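What the coordinates show
As a plain string of letters, each chain reads:
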Amino acid sequence: MVDVDNLTDEQIDALTDQVVDLYTTISEEALSLNDPDAYAKVRKITNDDDYSMECRFRNISEDDELDPSDSEIDDCIVAEIWFTGAQEQLKNDVHVVDIVFSVQGEESNAASAKWFPDD
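Described below are features of the structure shown in this document. The structure presented is a predicted model; accordingly, all values stated were derived computationally and were not measured. (Residues numbered from 1 in each chain as written. Predicted model: local features only at pLDDT ≥ 70, side-chain atom pairs only at ≥ 80, totals over all residues. Heavy atoms only, no water.)

Comments concerning the environment of Ser-32
Considering the arrangement of structural elements, one finds Ser-32 in helix H1 (residues 9-34). Linking Ser-32 and Arg-43, residues 11 residues apart in sequence, is a C-alpha distance of 9.8 Å. Ignoring anything within four residues of it in the chain, the contact list for Ser-32 reads Ser-27 and Tyr-39. (Helix = DSSP H or I, 4+ residues; strand = E, 2+ residues; numbered from the N terminus. Contact = heavy atoms within 4.5 Å.)

Comments concerning a negative patch on the surface
On the surface, a cluster of negative charge is contributed by Asp-9, Glu-10, Asp-13, Asp-17 and Asp-21. Take Glu-10: it is sitting in helix H1. Overall, the relative accessible area of 67% leaves Glu-10 in the exposed class. (Patch = residues over 30% accessible without salt bridge, like charges linked within 9 Å, V, L, I, M, F, W, Y side chains within 5 Å. Areas by Shrake-Rupley, 256 points an atom, 1.4 Å probe, with all protein chains shown as cover. Salt bridge = Lys/Arg side-chain N within 4 Å of Asp/Glu carboxyl O. Lys, Arg positive; Asp, Glu negative; His and termini not counted. Charge placed at Lys NZ, Arg CZ, Asp CG, Glu CD. Buried < 20%, exposed > 50% of the residue type's maximum accessible area, 1.4 Å probe, protein only.)

Quick word on the sheet that holds strand E1 (residues 51-58)
The sheet built from four strands is open, its strands ordered E1-E2-E3-E4 with antiparallel pairing. Each of the sheet's edge strands pairs with one partner strand only, and the pair in question is E1 and strand E4 (111-115). On average, adjacent strands in this sheet sit at an angle of 20 degrees to one another, irrespective of strand direction. Across five bridges, the pairing between strand E3 (residues 94-102) and E4 is antiparallel. When the sheet's bridge partners are listed, Asp-98 is paired in E4 with Lys-114. In this fold H1 packs onto E1, strand E2 (76-85), E3 and E4, with an angle of close to 105 degrees to the strand it touches most, E3. Here helix H2 (residues 36-46) sits on the sheet and contacts E1, E2, E3 and E4; the angle it forms with E3, its principal contact strand, is near 105 degrees. (Pairing = 2+ DSSP bridges. Axes fitted to C-alpha atoms, helices over the stretch in contact; angles between N-to-C directions.)

Following this line, the structure appears as structure tokens:
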């Protein structure tokens, strides 16, 4: 099992790059086809200059969506993607997606996304 609290800065940077790629791919290839309204909301937030993207990592919980029979589950963590409003703007932070993914990178295709989990 991956211990998110003990990741090095280099590991976090590499995982962040991986998650940004996953975020782009999942939103454009899956969300756009399966839920056009959610995709439009994602695009609006992503393109709003008053928001900046923030990625937070955590370990998997029982609320996360991933097939428990997946043999790679021990290599998976959750990336929470938030868009935080600029301080001078009165915009609320938006929790856009939780992406459960394997830290093994391209060696694994295990990933799932829960869009707007706080709604």
